[in-house]
Amino acid sequence: MQSSLSESDHVLVAGATGGVGQLAVAKLRSKGIRVRILTRSAEKARKLFQDQVEAIIGDTLDPTSLQTAVQNITHILCCTGTTAFPSARWDFNRTQGPLDWLKLYLNPKDCSAKANNSPEQVDANGVKNLVAAAPSDLKRFVFISSCGVLRKESLPYSLLNAFGVLDAKQKGEEAVVSSGLPYTVLRPGRLIDGPYTSFDLNTLLKAKTDGKLGIVVDTGDTLSGETSRIDLAAACVECLSHPNTEGKVFELVNKGPRPEAIDWEGIFSRLE
Ligand SMILES: NC(=O)c1ccc[n+]([C@@H]2O[C@H](COP(=O)([O-])OP(=O)(O)OC[C@H]3O[C@@H](n4cnc5c(N)ncnc54)[C@H](OP(=O)(O)O)[C@@H]3O)[C@@H](O)[C@H]2O)c1
């Protein structure tokens, strides 16, 4: 049985200025769903969405700024994130020169403490704050985690986790799963397809699926590979209308031939 989003629903997208967030907003709007975004930057929101969506300025690390954002919201998509490795996006307490960057990279354990927006902040604490602020009658909290959270000791995830991004995502997952809210956690592989918002090899290469690969989901953190931002955003939106994705944590990657039409019902039925 499929329960659909209705006109009375109102979805909050946190991280809406990011790659997946932008696509999720577009997908929701194409379905006629009311969208509110949470963003730290009014300017970015204006550039990306003009006045087509309601924008609330807030920061997941500032719980008081979340109060207005969550008012009368029925669903939350949490697409926030930062880079896995130290970058300006971590918002260091002071400007870093070349030698500082070298020192940071040589002392991973020290890094998080020097930054205001590290993975530990965004993916663990920020998610906890958003979960805590969510209305108690929320219909679904969707959180984007990552493949590898249960395989942090093995390659390539041990490298990816050098600065703690998978530890932080796991803490975010735990906050969502133990919240008592209806939830869905999606674990994508390395993100490909635009908008190319991350600083990594796939972004440099502008890697894309060309819409040719199928979508595979599974549970237990055994899948690996790459995930299209377009398909991930679509999955975040689609799972709101599929009751069997509630209370599920699953991986989603692109593999194999792509059917003419994506059968979300069939894909999500693998989670039973
Ligand atoms: N890149 C990968 O290969 C990969 C792999 C697995 C999982 N993921 C996850 O997939 C998701 C989507 O990735 P993406 O590349 O689309 O992300 P992205 O482009 O890096 O976007 C991140 C978003 O998070 C927002 N944000 C960061 N810190 C925030 C804070 N303190 N408060 C509120 N908003 C904050 C950013 O807003 P601002 O505009 O204000 O900066 C931006 O909208 C993320 O959760 C990411 O961790 C990525």
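Residues numbered from 1 in each chain as written. Predicted model: local features only at pLDDT ≥ 70, side-chain atom pairs only at ≥ 80, totals over all residues. Heavy atoms only, no water.

**Focus: the overall build of the protein**
No. 1: Along the backbone of the protein there are 11 helices and 10 strands.
No. 2: Its C-alpha radius of gyration of 18 Å places the protein within 12% of the 19 Å reference for a compact globule of 272 residues.
No. 3: Across its three principal directions, the C-alpha atoms of the protein cover 55 × 40 × 35 Å.
No. 4: For the protein, the proportion of its 272 residues judged to be buried stands at 51%. (Helix = DSSP H or I, 4+ residues; strand = E, 2+ residues; numbered from the N terminus. Rg over C-alpha atoms; globule rule 2.2 N^0.38 Å. Buried < 20%, exposed > 50% of the residue type's maximum accessible area, 1.4 Å probe, protein only.)

**Re the pairing of strand 2 (residues 34–39)**
No. 1: For strand 2, the tally of buried residues reaches five of six residues, placing the bulk of the element in the interior.
No. 2: Note on the crossover from strand 1 (residues 10–14) through helix 1 (residues 19–30) to strand 2: the handedness is right-handed.
No. 3: By the bridge criterion, four bridges tie strand 2 to strand 3 (residues 54–57) in an arrangement that is parallel. Each residue of the ladder has a partner; that of arginine 36, found in strand 3, is glutamate 54.
No. 4: For the crossover that starts at strand 2, traverses helix 2 (residues 42–49) and ends in the parallel strand 3, the hand is right-handed. (Right-handed = clockwise from strand over helix to strand, strands pointing away. Pairing = 2+ DSSP bridges.)

Any functional reading would require information beyond the geometric quantities listed.
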